[in-house]
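Here's the letter readout for the chains.
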Amino acid sequence: MSFVSGLPTRRLSVASVPIAIVAAVAVRLTVPFDPAGATMLAITAFCIVMWIGNLIPPSYTGILCIGLIGVTFSADLALVGFGTQATWLVAFGLIMGEATRRSGLAGWASRWITDRATAGDPAANPYDTYRRLLVSLSAVGLGLALLIPATVARVLIFAPLLVEVGERFDSRTARMGLFLGPLFATYYGGVGVLTAALPNIIASGILDSVAGVTISWTEWATVMFPVMSLLRVGFVVAIAYWLYRPDPETLSIVGVDGGGPGNGDGGGGLGARAMTASDRRMLVYLLVGVTFWATDFLHGLHPVYGALLVVALAFLPSLGVVDFAEVTGDVDFSILFFLGAVFAIGEGMSRMGVANALAESLLGVIPTDAPLVVVLALVFVVVLPLMLLMGGLAVASVGTPILVSYGTAAGLPLVPIVMTEAIGLGTYFFPYQSAVLVAILAYDVIEAPELIRMTAWCSIATIFVLLPLQLAVFTLVF
C-alpha cells in the first residue's frame, strides 16, 4: 500500500467511503455483541476506515463520528471528549505554541540550536547541517522525556521550535524530517522511562494497587531504557533520515526573520540574534510550565493546568508577550473534533462493555504453561489489536487487571508482563490511536498519510528488531 502522494493514494482515499460503509454494516451484522455494543463497533469501524483512507480531513470525520454517536446513543457520550483534560491540554498547547512563535522565542531558539549543532557556517554545507540537526534535536527530544512527564506537553513545547528550525531549509523533505524525527524521539523514546508516558504510569499503578508489586523509576529505566529509549530513538533517527532525506545537491539554507548585521545575526542572517525582552519573558514562562510538569509528583495536578498557567502568563497585560485576540485568531482548533471523536469512541467501547469483552477474549488465548518469552510475545501480540480499537489509556485500564490476574494465577513474574504491555501500548500505526499523534498532525507540517508512514515504519522496527532484543533482556533479568 502506498502512503505517498499520487494515484495509488488517491484511489485508496476515494475507495475509503464504500469500504467504510461496508465495514460498518458487516461489523453491525456479524459481531457477537448486543445491539448497542455492535452499533458502537460499527461506528468505530466506519471512522477508522475513513481516518486511514484520508479522503476528507480527519477533523471532519471526527464531526461525523460525534454526530453518529450523539444520534445513536446520547449527546453526553458524543461530547465526552470535550470534557477531558487531555483535549484541553491540546487546545491550550496550540495557543502556547503560537505564543512561543509570535514572541520570537522559537525563531531565536532555532538559530541558537542551528549554530551550536553545526561546525562553522551552517549554510556552507546544508546537507551536513541537516544531519547534525536531526541527530542533535532527537537527542534533545529524548532528554525532554526524562524531564517532562506529559508527552503531549513535550510535543507542544518542542513542535514550534522544530517548525522554525525546519523553515531555515528550502526543502519540504528536510522540514518534515526535522519535524517528525525529534518529535518521534520524545514520544517513542518515552516508553523506556516510567514517568514519560501516561500508559506506563497507569499500567504500573494498577499493578501496584491490584498485586502490591511496585516498579521503581530506576528499575524501569534499568530494564527498559537501553533498548526502548536509546536504541529506539536511534531507529527513529535512521527511519526519519531514510524517509526524509533531502537532495544534497539542491538543498540550501535560507535566512529567516530578516537576518543581517543590524540585528546581531551576522553571517547573512544565519547566526543567532541577541535575545529580546519578549524572548526572555516567554522563556521564563515556558520554564515555569516545565517546572510544573516536572514536579507533578508533588502537587498531583494534571498537565493541562501547567499549559493553562503558561498561556495565562503569556497573555498578562504589560507582562505578557502576545495579544490574546491575535494569537487565538490564527490557531486552527479543528483538530479538537478529531480528538473529541477518539475519546467518544473509547468511552463508548467502555460503556457498552465491548472493551472488557474484547480484552478478556483476546487475553484468554495466552497459555499459562508456556515459557516466559512466549507468554511475553503473546501479550504484545494481543495488545496490538486492542490498540487499533481503543486508545492506549483505555487498553491499559482494561487490560492490565486481566494481565495481572493471569500472571498471578500462572505464577509468572508480573513486572515483565506489565513492561511488555507498555511496549505494545507505545506501538502505533495510525493517528487516531493517540492524542499525541493528533497533536503532531495539528501543526499542518505533514499530512496524515505521511504521519502514518512514519508511525508504521517505527512500529515495524519495534516489532521485528527491538521487541526481540527487549524480550531477551527480560529473560536474562527475570
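Residues numbered from 1 in each chain as written. Predicted model: local features only at pLDDT ≥ 70, side-chain atom pairs only at ≥ 80, totals over all residues. Heavy atoms only, no water.

(A) Summary view of the overall build of the protein chain. From N to C terminus, the protein chain includes 22 helices and zero strands. For 478 residues, the compact-globule formula gives about 23 Å, and the C-alpha radius of gyration of the protein chain, at 23 Å, lands near that figure. Along the first, second and third principal axes, the C-alpha atoms of the protein chain reach 70 × 50 × 45 Å. Counting across all 478 residues of the protein chain, residues that qualify as buried make up 54%. (Helix = DSSP H or I, 4+ residues; strand = E, 2+ residues; numbered from the N terminus. Rg over C-alpha atoms; globule rule 2.2 N^0.38 Å. Buried < 20%, exposed > 50% of the residue type's maximum accessible area, 1.4 Å probe, protein only.)

(B) Quick peek at empty space enclosed by the protein. Enumeration over the complete set of coordinates arrives at three cavities of 30 Å³ or more. What the largest cavity holds in volume is close to 80 Å³. Mapped onto the lining of the largest cavity, the elements with two or more residues apiece are α2 (35-53), α16 (335-351) and α18 (372-389). Within the lining of the largest cavity, the residues separate by chemical class into eight nonpolar, four polar and no charged. The computed volume of the second largest cavity comes to approximately 50 Å³. Lining the second largest cavity are W51, I52, P58, F338, F430, P431, Y432, L441, A448 and I452. If you list the elements that add at least two residues to the lining of the second largest cavity, you get α2 and α22 (448-477). (1 Å grid on protein atoms, 1.4 Å probe; cavity = no way out; pocket = protein on both sides within 12 Å on 5 of 7 lines; lining within 4 Å. Points joined across faces, edges and corners; volume = space filled by probe spheres on them. Nonpolar A, V, L, I, M, F, W, Y, C, P; charged D, E, K, R; others polar.)

(C) Main features of the packing of aromatic side chains. Taken as a whole and assessed by the stated rule, the structure comprises 16 aromatic pairs. Where Y127 meets Y241, the ring centres are 6.4 Å apart and the plane angle is 50°; that geometry is what we call tilted. In this pair, Y127 sits in helix α7 (residues 126-147) while Y241 sits in helix α11 (residues 217-243), placing the two residues 114 residues apart along the sequence. What makes Y127 buried here is its relative accessible area of 9%. (Phe/Tyr/Trp six-rings, centres within 6.5 Å; stacked < 30°, edge-to-face > 60°.)

(D) Main features of the environment of L469. You can see L469 is positioned in helix α22. Distance from L469 to V227, taken between C-alpha atoms, is 7.3 Å for residues 242 residues apart in sequence. If sequence neighbours within four positions are ignored, L469 has contacts with V227 and L231. (Contact = heavy atoms within 4.5 Å.)

(E) Summary view of the layout of surface pockets. Here the largest pocket defines a volume of roughly 940 Å³. Around the largest pocket, the lining comprises 40 residues; the ones closest to its centre are A86, L198, F343, L393 and A435. Of all the elements in the fold, those that place two or more residues in the lining of the largest pocket are α5 (85-103), α8 (151-166), α9 (172-188), α10 (198-211), α16, α19 (392-410), α20 (414-425) and α21 (435-441). In terms of residue count, α16 provides more of the lining of the largest pocket than any other element does, five residues in total. When the residues that make up the lining of the largest pocket are grouped by side-chain class, the tally is 24 nonpolar, 14 polar and two charged. By volume, the second largest pocket is sized at about 560 Å³. If you go around the second largest pocket, you meet 22 residues; those closest to its centre are A109, I113, I157, L161 and L283. A total of eight residues in the lining of the second largest pocket trace back to one element, the largest contributor, which is helix α6 (residues 105-117).

(F) Quick look at the pattern of salt bridges. Going through the model one piece at a time under the given rule, you end up with seven salt bridges. Note that D128 and R131 form a salt bridge whose closest N and O atoms lie 3.7 Å from each other. Residue D128 and its partner R131 are both found in helix α7; the two are separated by three residues, about one turn of the helix. For D128, a relative accessible area of 22% translates into the label partly exposed. Take R131: its relative accessible area is 36%, and that puts it in the partly exposed class. Put simply, D76, E347 and R351 are held in one network by salt bridges that share partners. (Salt bridge = Lys/Arg side-chain N within 4 Å of Asp/Glu carboxyl O.)

(G) Representation of α2. The terminal C-alpha atoms of α2 lie 27 Å apart, and with 19 residues this matches the ideal 27 Å at 1.5 Å per residue to within 8%. Of all 19 residues in α2, 16 are buried; the element is thus mostly enclosed. Looking at the residues trailing α2, positive phi occurs at N54, about 60°. (Expected span 1.5 Å × (residues − 1).)

In short, shape yes, function no, at least from these values alone.
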